[in-house]
Amino acid sequence: MVEHETITREIERLGIVVIIPTYNNEKTLKRVLDGVLLYTPDVMVVNDGSTDTTSTILAEYPQVEVLTAAYNQGKGMALRKGIKRARDRHFEYAITIDSDGQHYPSDIPVFVDAIANATGPVLLIGSRNMRHDSVPRKSSFGNKFSNFWYWLETGIKLTDTQSGFRAYPLRAISQKFYTRKFEFEIEIIVRAAWRGVDVKNVPVGVLYDPDERVSHFRPFKDFTRISILNTALVFWTFFYILPRNFIRSFKKKRWSDFVRENILGSTDSPIKKALSIGLGVFMGIAPFWGFQTAITITLAVFLRLNKVLAFVFSNISFAPFIPVVIYASLLVGGLVYPSSSSFQLEGVSLDTIKSHLWQYIIGSFLLASGMAILIGVVSYFFIKFYRQKSVSSP
């Protein structure tokens, strides 16, 4: 009892509320509620349109705030309602626990301790022992599948990304969400990581009792929703999040620091640096307007090249130099795809490209390839010479 009182005081100090979403879990709801109330009176239950005796059970707990939906809207919507209400009541953290009995309320102190020791906002996910005899194989496989996608989308390796036993830092997570069903629990943790929130696992117990537990996961529909969401998140990761993060970090560097650290001082081999520079030059000249940064960084990641060098040299087509690149592309393209028109540097414009589109496209790819090879080769010998000179210097 003393331990419970200590945890209760700590929960109050940290501004934590417990949210329990429920839908037709009459067999286990009471046990979960009783367990949670041992630690805190700050509990909210979101009744997501239950049609069993859930309302009767909740009537026995007048101290618990109940949010009721007129019809079943999905776990994501239930959590969104609970999180919004928790924010309105000015809580700092919301611990969510499923009402199907698979989680032990006695693990709440694990979350409280981790929050108390965190140096900044932290999103905690209870890591279940998925090797437990009671855990269905499909759940274990689904968790591994989800963990892989989460790593691909955020770069963070977790042991459990599907557990509903979590702690959300209410001020640090997104204010607006787009998903409504089970996929919400993926959206919120991915976007939290993108916002710089620390996302971690904490160990919790698990119990899958086939006689009590009621699962509302619909394998085909919900898996399809989750797959679509992961596809969108991966696309957004590589074409916006990675370039955004990279540009933010690069802006903090001075040009002299960049040359010293990334060109001369990097531990990458001369050939890797030269290939990175060549990739950047190619992407900077090739006709990928508007997508150069995203494609360059994505290719650098997949090819394991130097992302910084590739990004910097992809900006070879900066504003004052763009007419020169277009003019040169048209001239080179004219060698392969000739036209009767003659071009002047000062007369080059977007209209010129439109009227000689294929000549420009062919020429820009040829020019990009030639310049990438030329500058890449020159860079290779320069970097190699500098490295040998540095080694021979006393």
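As shown above, the structure is provided for reference.
In this report, we go over the structure that sits alongside the text. (Residues numbered from 1 in each chain as written. Predicted model: local features only at pLDDT ≥ 70, side-chain atom pairs only at ≥ 80, totals over all residues. Heavy atoms only, no water.)

1. So, the sheet that holds strand β2 (residues 43-47)
This is how the line gets drawn: For two strands to count as paired, DSSP must find a minimum of two bridges between them. What counts as a helix is a DSSP run of H or I of at least four residues, what counts as a strand is a run of E of at least two, and both are numbered from the N terminus. Inter-axis angles, ranging from 0 to 180 degrees, are taken between N-to-C directions of lines fitted to C-alpha atoms, where helices are fitted over the stretch in contact. Contact between two residues is taken to exist if any of their heavy atoms lie within 4.5 Å; hydrogens are not considered.
One open sheet holds the seven strands; their spatial order is β3-β2-β1-β4-β6-β5-β7, and the pairing between them is mixed. Where the open sheet ends on each side, the last strands, each with one partner, are β3 (65-68) and β7 (198-203). Between one strand and the next, the sheet's axes are offset by a mean angle of 20°, whatever the strand orientation. Here strand β5 (residues 122-127) runs beside β7; their pairing, made up of six bridges, is parallel. When the sheet's bridge partners are listed, leucine 123 is paired in β7 with valine 199. Helix α2 (residues 29-37) rests against β1 (16-22) and β2 of the sheet, and its axis sits at about 180° to β1.

2. Considerations on unusual backbone geometry
Glycine aside, residues mostly have negative phi angles, and peptide bonds mostly take the trans form. This is how the line gets drawn: Buried means the residue's accessible area, taken with a 1.4 Å probe over protein chains only, is under 20% of the maximum for its type, while exposed means over 50%, and partly exposed covers the values in between.
Even without being glycine, asparagine 24 reaches a positive phi, approximately 55°. Considering the arrangement of structural elements, one finds asparagine 24 in the loop between β1 and α2. Taking the relative accessible area as the measure of exposure, asparagine 24 reaches 17% and is therefore buried. Positive phi is not limited to glycine here, since histidine 90 has a value of about 65°. The topology assignment puts histidine 90 in the loop between α4 (75-88) and β4 (93-96).

Keep in mind these values describe shape, not function.
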